[in-house]
Amino acid sequence: MSSKHLGKGSKLPPPVRGKIRLYSNRFCAYSQRIHLVLDSKKIPYDVVYINLSNIPDWFYEKSPLGKVPALEVESGDVIYESLIIADYLEDIWTTHPLYPRDPLQKAKDRILVDQFNRITGAMYKLLLSSNRNYADDYKNVVIEGLATFEKELGNREGPFFGGHKAGMLDYMIWPWCERADILKLFCSQFLLKTEQYKRLMEWRTLMRDDPAVKKSYIDSTTHMKYMQSYRAGAPDYDLISA
């Protein structure tokens, strides 16, 4: 495992026998999705962290677009795109299933993951766009989207989208919920009326205690420091290295 993010001039670490390999980045929300799936299913894996501002030449042989996450299996085949990887892991490692057994409910959960993409897109625009003229539009997308998920939690059998324990939908949206507090720092006008999202706030608290979440969790202060470095044009991927 590489504890630091590898960049140009680095050597590809040798494979670890008996483990699949995840090419990741500590501050990439899409990569965290796969850490959550791997850890929740208790799959042995090795991690190589990639410096996305200074991508090693050898990494393009693994992921032609230089994207993380990328998963390399023992055969040497590599797949990428977080949802594709998550589905692959669910299909191959059938213990600790994360999707609902009902195909219709599984399809509905996939639709919700797709809907959540609108929220994440608006979040990034709020954080990174210098054009404040559309800030209210982005904010409304987030507010309306969260209202949909608040309502959906009320229709579930337990406090999680997966019912009485976290499932695939929970893990696919968690990374952005973990990062939600950085909106307060960079978008001072972005204040949620938390009483409108009582179930989501309770869900967020429970998710922090989930064993898989704990393994990749980064506190809000560190997320904010990273975002400050990113906005300054020099992302510090090694703010944490353990």
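Residues numbered from 1 in each chain as written. Predicted model: local features only at pLDDT ≥ 70, side-chain atom pairs only at ≥ 80, totals over all residues. Heavy atoms only, no water.

Colleague: Even after reading the chapter, I still don't get the packing of aromatic side chains, so can you show me in this structure?
Modeller: In this description, an aromatic ring pair is defined by two values, namely the gap between the centres and the angle between the planes. By the definition in use, this model includes twelve aromatic pairs. Each ring, one from Phe149 and one from Phe161, has its centre 5.9 Å from the other, and the planes form 80°; the classification is edge-to-face. A residue pair is termed long-range when its members are at least 10 positions apart, and Phe149 in helix H5 (residues 135–154) and Phe161 in the loop between H5 and helix H6 (168–178) qualify at twelve residues. For the pair Phe149 and Phe161, one class covers both residues: buried. An aromatic cluster of three or more residues is present, and its members are Tyr30, Phe116, Phe149, Phe161, Trp174, Trp176 and Trp203. Note that Arg26 overlies the ring of Tyr49, its terminal NZ or CZ placed 4.2 Å from the centroid. The residue whose ring lies beneath Lys106 is Tyr99, and the NZ or CZ to ring-centre distance is 4.8 Å. (Phe/Tyr/Trp six-rings, centres within 6.5 Å; stacked < 30°, edge-to-face > 60°. Helix = DSSP H or I, 4+ residues; strand = E, 2+ residues; numbered from the N terminus. Buried < 20%, exposed > 50% of the residue type's maximum accessible area, 1.4 Å probe, protein only. Lys NZ or Arg CZ within 6 Å of the ring centre and 35° of its normal.)

Colleague: Can you help me understand helix H4 (residues 103–128) in this one?
Modeller: Given 3.6 residues per helical turn, the α-helix brings residues three or four places apart onto the same face. Taking 1.5 Å as the rise per residue, H4 with 26 residues should run 38 Å; its terminal C-alpha atoms sit 38 Å apart, in good agreement. Of all the residues in H4, the buried ones are Asp109, Leu112, Val113, Phe116, Ile119, Thr120, Ala122, Met123, Leu126 and Leu127. (Expected span 1.5 Å × (residues − 1).)

Colleague: How do you make sense of the sheet that holds strand E1 (residues 20–24) when you look at a structure like this?
Modeller: Strands pair in a sheet through their backbones, by hydrogen bonds, and they do so in one of two ways: parallel or antiparallel. Read from one edge of the open sheet, four strands run E2-E1-E3-E4, paired in mixed fashion. Each edge of the open sheet carries a strand with a single partner, namely strand E2 (45–49) and strand E4 (78–80). Taking the axes of each pair of neighbouring strands and ignoring which way they run, one obtains an average angle of 20° across the sheet. Running at roughly 155° to E1, helix H1 (residues 29–40) makes contact with E1 and E2 of the sheet. Helix H3 (residues 82–92) rests against E1, strand E3 (70–72) and E4 of the sheet, and its axis sits at about 125° to E4. (Pairing = 2+ DSSP bridges. Axes fitted to C-alpha atoms, helices over the stretch in contact; angles between N-to-C directions. Contact = heavy atoms within 4.5 Å.)

Colleague: When you look at a nonpolar patch on the surface in this model, what are you seeing that I'm missing?
Modeller: On the surface, Tyr30, Tyr124, Leu128 and Tyr230 cluster together to form a nonpolar patch covering roughly 350 Å² of accessible area. Topologically, Tyr124 is positioned in helix H4. By relative accessible area, Tyr124 is classed as partly exposed at 30%. (Patch = residues over 30% accessible without salt bridge, like charges linked within 9 Å, V, L, I, M, F, W, Y side chains within 5 Å. Areas by Shrake-Rupley, 256 points an atom, 1.4 Å probe, with all protein chains shown as cover. Salt bridge = Lys/Arg side-chain N within 4 Å of Asp/Glu carboxyl O.)

Colleague: In this structure, what is going on with unusual backbone geometry? I would like to understand it.
Modeller: The phi torsion of most residues other than glycine is negative, and most of the peptide bonds are trans. Cis geometry marks the peptide bond from Val68 to Pro69, where omega comes out at 0°. Along the chain, the position of Pro69 falls in the loop between helix H2 (59–62) and E3. Its identity is not glycine, yet Glu81 carries a phi of approximately 85°, on the positive side.

Colleague: Would you explain the state of the cysteines in this entry?
Modeller: A covalent bond between the sulfur atoms of two cysteines is referred to as a disulfide. For the coordinates displayed, the defined rule picks out zero disulfides. Just so you know, Cys28 is unpaired, no disulfide at all, and the nearest cysteine sulfur is the one on Cys177, 16 Å from it. (Disulfide = S-S within 2.5 Å.)

Colleague: Can you walk me through the side chain of Ser31 in this structure?
Modeller: Relative to the helices and strands, Ser31 resides in helix H1. Once residues within four sequence positions are removed from consideration, Ser31 is found in contact with Ser24, Asn25, Val68 and Pro69.

Colleague: Sorry, what's going on with the nonpolar core here?
Modeller: Counting residues in hydrophobic clusters, the biggest one holds 53 residues, and the most contacted among them are Leu89, Phe149, Tyr171 and Trp203. Residues in contact with Trp203, not counting those within four places in the same chain, are Leu153, Pro159, Phe160, Phe161, Asp170, Ile173, Trp174 and Cys177. Of all hydrophobic cores here, the second largest spans ten residues; its members include Leu6, Val48, Val68 and Ala70. (Core = buried A, V, L, I, M, F, W, Y, C linked by side-chain atoms within 4.5 Å.)

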